[in-house]
Amino acid sequence: MAGPLPIGDPAPADGKLAPSVKIGSETRTLHAYVHIPFCKVRCGYCDFNTYTASELEGAKQSDYADILISEINFSRSVLESSGIPSRKLSTVFFGGGTPTQLPAADLVRILQSLKTSFEFEVNAEVTTEANPDTVEYEYLLELKAGGFNRISFGMQSAIPEVLATLERTHNPQNLPVVVAAAKAAGLKTSVDLIYGAPAETIQQWQASLEAAIALEPDHISAYSLIVEEGTKLARQIKSGELPEPDEDLQADKYELADELLKNAGFVWYEVSNWAKQVDGSESINSSAHNISYWNSQDWWGYGPGAHSHVGGTRWWNVKHPTTYAAKLASKVSPAAGRETLSDKTRLEERILLEIRVSKGLPIELAKLVNHEAANLIAGFIADGLVDPRAAIGGVLKLTLKGRLLADSLVRQLLSD
Amino acid sequence: MDIERERGITIKSQAVRMPWESDGKTYALNMIDTPGHVDFTYEVSRSLAACEGAVLLVDAAQGIEAQTLANLYLAMENDLQIIPVLNKIDLPAAQPEKYAEELANLIGGNPEDCLRVSGKTGIGVDELLDKIVATVPHPIGDPNAPARAMIFDSVYDSYRGVITYVRMIDGNLSPREKIQMMSTRAVHELLEIGVSSPEPEPTKGLGVGEVGYLITGVKDVRQSKVGDTITNQGKPATEALKGYKEPLPMVYSGIYPIDGSDYPVLREALDKLKLSDAALVYEPETSVALGFGFRCGFLGLLHLEIITERLEREFGLDLIATAPSVVYEVTMDDGKEITVTNPSEFPGGKIKQVLEPMVKATILLPKDYTGTVMELCQTRRGTMIDMQYLGEDRVQLRYTLPLAEIVFDFFDQLKSKTAGYASLDYEETGLEKGDLVKVDLLLQGEQVDAFSAIVHKDKAYAYGVMITGKLRELIPRQQFEVPIQAAIGARIIARESIRAMRKDVLAKCYGGDISRKRKLLEKQKEGKKRMKMVGRVEVPQEAFIAALSSDSEKKGEKKGK
């Protein structure tokens, strides 16, 4: 939910979807994203739609669960009236902000509402993000009992200086405690790391990776820091107070992450994501929810600023919690805008998303948008960016070097 | 022209006629304001040929400039009566005593003979006009002879067609007469004839000694050639007046529109400027790096600068000009001769000799900078002719220099090394054999024509290092390593490489990021269209432009490598 909202078409007040969204819905799964826009403090690099308690007037944290539940009810009636056959939810993901700023009971109540409205698939993945400082064992137990089965901790770094640059307030020493507590509570675990904060050395990054691996989570995400316009971090870099991140060093750090994680038994499956093998199985503990984004499934995003996608229509809610609450209170769709994707655009999205995952992109898709695709891909192979064997088999799979240049490859594939 | 006002210089000559009463008699003074700069010497010389006397105006705050000497020399060559005048004496920085001394040293006579005026306040102007009346001889000519009028300028006006400025030598011309160009024998009808005072004012005709303008309805200035003689078709003169030397382009440069779709606009603009500037020559040219444009010939650097500025300003074009080049005469071993105006056309194979244009440069400067300037001339392959003191603290240096060495940033260097005090003038002195080679620039093995240069053998390496280094800074990294080489024929003399780009991927691409990501890609796709492909290497047009602009090596935004 980063950055400003896109520019799209106006969204109708009743939220009604075009009949075309039905097409192929039986082959798509349904997912829910729940946005909790609260944080204790705002981090310097963050451009997400979050609010500290002091920033919010009119949409109190204590009322927030009820407001969200009203959107859940609204969503059920929109999907029903659009004629899409009802589907159970495959995954639910609570993100933020800091979902764990809310009492566990609130999160559980929201989850229950989703379950009542849509029902869950067997083994549905239910994740919440968490700040290592805001959860305790009892809290985690309550989540588990309420239906959550996965938790993702925003660790970011093990190095206090790096956390300070990022303005993260949590204590890195809390991580072993909370991860252990989550495991004891019966939750699958994931930790997020950020590399490339200004002035972070490669040794510091290695220490963070090793610390994350030592936690033995089921899943690790490692993101290179993106300096988003309008953030405090961007201003600090512009003014010269902090150095600009060095893209070569970022690449070194990515390669280091891949190597250390591989050695520790993590399997790479998307540009920034690695997962441990499930014991006694071929499958890995990847995030089923995130995979649904990359496979262009249907999902409803609840909460202010949340984005949704159903059958080629994307929409996004108004950003401010107060406006969001007011719209729902007057039984109006909280969507700020929407876009209906053409077949060509949907195809282009598939290319830009599927190239990022280990499963790869069917080359036939690339050929549909670019008749020079074969020549381009031959060039990618020559430059060591694409796995030649998979390409011969009809699938474009990025090599380690290629993953770091995924956007450049997409631009070439999409230019006609 | 706006450009003249802004720069405080004269580019086109201006003729004016004014009445002046002196000793109770009324005189008609015909005057021509000429440019001073060396690039426009041809304008000056033909104006001088139309006159009997010259007012040598020297800025009382700046003193004599190198070009003053050049124009003074021309005036003396034409046997003109010279009236030295110090202008702008109202300026606080004016030093009329000092410069009067200098002027007197130069042309002889007493410093007191130097008039002091201020065009701004009018001080001394009456005395000057009286002095003109007193000292400049009356025009001599035969009023009864067949008409002979010398064309000293011809400009294009979009409403009236070509306006031709003439000085009547013999006889007279009247409206509605049929006139004939003596060189082409072309006949036109005189639609209007008159004087500038300073607005055009139709008259009943022009007589001996008068300066004025003619309009015939002709649309192309080439039909009314400067230097030609006009006569009356009914009663033609037999002998034409001595004409002027046709100016030849000295400096060539490729001019390209930054937006390729502006090419037709550029062509039209050049056609229009050509109407009033016969010295401008051009022909279509294509470049790997820059697309479609024109190879243009100019009289000098200022001429180049002014034409490009006029094209940009008057026609709303965004342009890029390649580094200026001079004209080389190449003789091959087999005796074949080739004239090279574009370095990329410099022939390969066995070359017997290359001739390059030389100039005699005159530099005036405060004496403290003598050493620095001599060093500069030395590094530009200069040979000193002599050195003279013009006063106590001013020095005149004369050098023979290859023109190629001064067309590229010599003047800027000269100014910056002398705190702006030095002035330069030069005249061509013919061709000389040079030890010259062509340096090509190769991007991943592909030649980029816009950066080929003809340089002296001893400077090839430095040029190679400079240009490869500059492009390394300017070309963005690609997904593979890109070698940048400078080569003389097949021999590589300098090499840089752009390391492969290693990271270009958005770390997070989840639900809400997708729309944004797609829109970003669409925008980047648009940007890709403005890329030039050199082999597999994608180069933003801006990179070529920055590499061609001479100041980019100084500061400019450097991209992190």
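Residues numbered from 1 in each chain as written. Chains lettered and ligands numbered in written order. Predicted model: local features only at pLDDT ≥ 70, side-chain atom pairs only at ≥ 80, totals over all residues.

Comments concerning the confidence of the model for chain B
Argument step 1. In the predicted model, chain B carries a mean pLDDT of 87, and 96% of its residues have values of at least 70.
Argument step 2. Reported for the predicted complex are a pTM of 0.71 and an ipTM of 0.88. (pLDDT = per-residue confidence, 0-100.)

Section: the packing of helix α2 (residues 104-118) of chain A against helix α3 (residues 137-146) of chain A
Residue and element names in this part refer to chain A.
Argument step 1. Running from N to C, α2 and α3 cross one another at 10°; their axes reach a closest spacing of 9 Å. Comparing the axis directions of α2 and α3 gives the class roughly parallel. The handedness of the crossing between α2 and α3 comes out as right-handed. When α2 is examined against α3, the residues Ala104, Leu107, Val108 and Leu111 are found in contact with a partner set consisting of Tyr139, Glu142, Leu143 and Gly146.
Argument step 2. Grouping the constituent residues of the contact of α2 with α3 by class yields 6 nonpolar, 1 polar and 1 charged. (Axes fitted to C-alpha atoms, helices over the stretch in contact; angles between N-to-C directions. Helix = DSSP H or I, 4+ residues; strand = E, 2+ residues; numbered from the N terminus. Parallel < 35°, antiparallel > 145°, perpendicular 65-115°, else oblique. Left-handed = near helix turned anticlockwise from the far one by under 90°. Contact = placed C-beta atoms within 7 Å. Nonpolar A, V, L, I, M, F, W, Y, C, P; charged D, E, K, R; others polar.)

Description of α2 of chain A
All names here are of chain A.
Argument step 1. In a regular helix each residue adds 1.5 Å, so 15 residues correspond to 21 Å; α2 covers 21 Å between its end C-alpha atoms and thus fits that length.
Argument step 2. The complete set of buried residues in α2 reads Ala104, Asp106, Leu107, Ile110, Leu111, Ser113, Leu114 and Phe118.
Argument step 3. At its buried positions, α2 is contacted by β1 (30-36), α1 (61-81), β4 (89-96), β5 (120-130) and α3.
Argument step 4. Where α2 ends, the next residue or the one after it, Glu119, has phi of about 65°, a positive value. (Expected span 1.5 Å × (residues − 1). Buried ≥ 20, exposed ≤ 12 C-beta atoms within 10 Å, placed from the backbone.)

Quick word on the sheet that holds strand β9 (residues 187-189) of chain B
All names here are of chain B.
Argument step 1. One open sheet accounts for 8 strands, arranged β9-β8-β13-β6-β7-β12-β10-β11; its pairing is antiparallel. Two strands close off the open sheet at either side, each with one partner strand: β9 and β11 (200-202). Geometrically, the sheet is characterised by an average inter-axis angle of 40° between neighbouring strands, direction not taken into account.
Argument step 2. Looking at chain direction, strand β6 (residues 148-157) and strand β13 (residues 229-232) are connected through 2 bridges and run antiparallel. The residue of β13 that forms the bridge with Met150 is Thr229. (Pairing = 2+ DSSP bridges.)

Some words on the environment of Gly349 of chain B
Argument step 1. Tracing the backbone through its elements, the reader meets Gly349 of chain B in the loop between β19 (337-340) and β20 (351-366).
Argument step 2. Between the alpha carbons of Gly349 of chain B and Thr362 of chain B there is a distance of 37 Å; along the sequence they are 13 residues apart.

Remarks on the pairing of strand β14 (residues 251-257) of chain B
All names here are of chain B.
Argument step 1. In terms of burial, β14 is a largely internal element, 7 of the 7 residues being buried.
Argument step 2. Judged by which residues are buried, β14 turns out to be covered on both faces: Val251, Ser253, Ile255 and Pro257 on one side and Tyr252, Gly254 and Tyr256 on the other are all buried.
Argument step 3. Inspection of the sheet shows β14 paired to strand β16 (residues 291-298) by 5 bridges, in the antiparallel sense. By the bridge assignment, Gly254 is partnered in β16 with Arg295.
Argument step 4. Here β14 pairs with strand β17 (residues 319-321) via 3 bridges, running antiparallel. Bridged to Ile255 within β17 is Ala321.

Comments concerning unusual backbone geometry
Argument step 1. Here the bond from Gly96 of chain A into Gly97 of chain A is cis, since omega is 20°, no more than 30 degrees from zero.
Argument step 2. Within the secondary structure, Gly97 of chain A is located in the loop between β4 and α2.
Argument step 3. Looking along the chain, the bond that leaves Ser197 of chain B and enters Pro198 of chain B is cis, with omega of -15°.
Argument step 4. When you line up the elements, Pro198 of chain B lands in the loop between β10 (192-196) and β11.
Argument step 5. Positive phi, normally seen in glycine, also occurs at Arg381 of chain B, with a value near 65°.
Argument step 6. Within the secondary structure, Arg381 of chain B sits in the loop between α8 (370-379) and β21 (383-389).
Argument step 7. Although it is not a glycine, Ala419 of chain B sits at a positive phi angle of roughly 50°.

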